Amino acid sequence: MVDHDIKPLGDLIKEFYDQYKGPDYLDEIKAVNSWVQVAGTFVASHTVDISIKNKVMYVRVDSDALRTELGYSKSLLVKKLNDIVGKEVLRMLVLD
């Protein structure tokens, strides 16, 4: 008799990303996808690019004034994004 190691598909996908992209990859995607919820639709509509590397989220916006205003709320934005994800996946926010 063959003993099959049957796992749910979700577990297999998580294992795949943990092995090939790192253990926080799916949480980082969740943080990026939560940007609209945390920053709001106006800020999101002026966001050109978002990336995460080494627990630092890099956000590029198309307005100098908006970048300045967001600079005052960086730590709050990081806290809210980490709260949504449920763990600390971000330490810092860099605005460009």
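See the structure above.
Residues numbered from 1 in each chain as written. Predicted model: local features only at pLDDT ≥ 70, side-chain atom pairs only at ≥ 80, totals over all residues. Heavy atoms only, no water.

Visitor: How should a nonpolar patch on the surface be read in this particular structure?
Guide: On the surface, a cluster of nonpolar side chains totalling about 290 Å² of accessible area is made up of Leu-9, Leu-12 and Ile-13. The class of Ile-13 is partly exposed, set by a relative accessible area of 40%. (Patch = residues over 30% accessible without salt bridge, like charges linked within 9 Å, V, L, I, M, F, W, Y side chains within 5 Å. Areas by Shrake-Rupley, 256 points an atom, 1.4 Å probe, with all protein chains shown as cover. Salt bridge = Lys/Arg side-chain N within 4 Å of Asp/Glu carboxyl O. Buried < 20%, exposed > 50% of the residue type's maximum accessible area, 1.4 Å probe, protein only.)

Visitor: Teacher, can you tell me more about the side chain of Asp-27 here?
Guide: The residue Asp-27 is located in helix α2 (residues 25–33) in this model. Of note is the side chain of Asp-27, whose polar atom sits 2.9 Å from the side chain of Lys-87. Look past the residues within four positions of Asp-27 in its chain and what remains in contact with it is Val-85, Lys-87 and Val-89. (Helix = DSSP H or I, 4+ residues; strand = E, 2+ residues; numbered from the N terminus. Polar contact = N/O pair within 3.5 Å; in protein donor to acceptor, adjacent residues only side chain to side chain. Contact = heavy atoms within 4.5 Å.)

Visitor: What am I meant to see in the sheet that holds strand β1 (residues 47–53) here?
Guide: Pairing between the strands of a sheet is mediated by backbone hydrogen bonds and can be parallel or antiparallel. Pairing is mixed in the open sheet, where three strands are placed in the order β1-β2-β3. The two strands at the open ends of the sheet, each matched to only one other strand, are β1 and β3 (92–95). The sheet shows a mean angle of 20° between the axes of neighbouring strands, direction not considered. As defined by bridge partners, β1 adjoins strand β2 (residues 56–61) across six bridges and the pair is classed as antiparallel. The residue bridging Lys-53 from the neighbouring strand is Val-56, located in β2. Helix-sheet contacts for α2 involve β1 and β2, and the interaxial angle to β1 is about 160°. (Pairing = 2+ DSSP bridges. Axes fitted to C-alpha atoms, helices over the stretch in contact; angles between N-to-C directions.)

Visitor: What exactly am I supposed to notice about the nonpolar core here?
Guide: Side chains of nonpolar character tend, in soluble globular proteins, to be buried together. Formed by 20 residues in total, the largest nonpolar core has its most connected members in Ala-31, Trp-35, Met-57, Val-59, Leu-70, Leu-90 and Leu-93. Secondary structure elements with two or more residues in this core: α3 (35–39), α4 (41–45), β2, α5 (64–71), α6 (74–85) and β3. Tallying contributions element by element places α6 first for this core, with four residues. Sequence-distant contacts of Leu-70, defined by excluding residues within four places in its chain, comprise Val-43, Val-61, Leu-77 and Leu-95. (Core = buried A, V, L, I, M, F, W, Y, C linked by side-chain atoms within 4.5 Å.)

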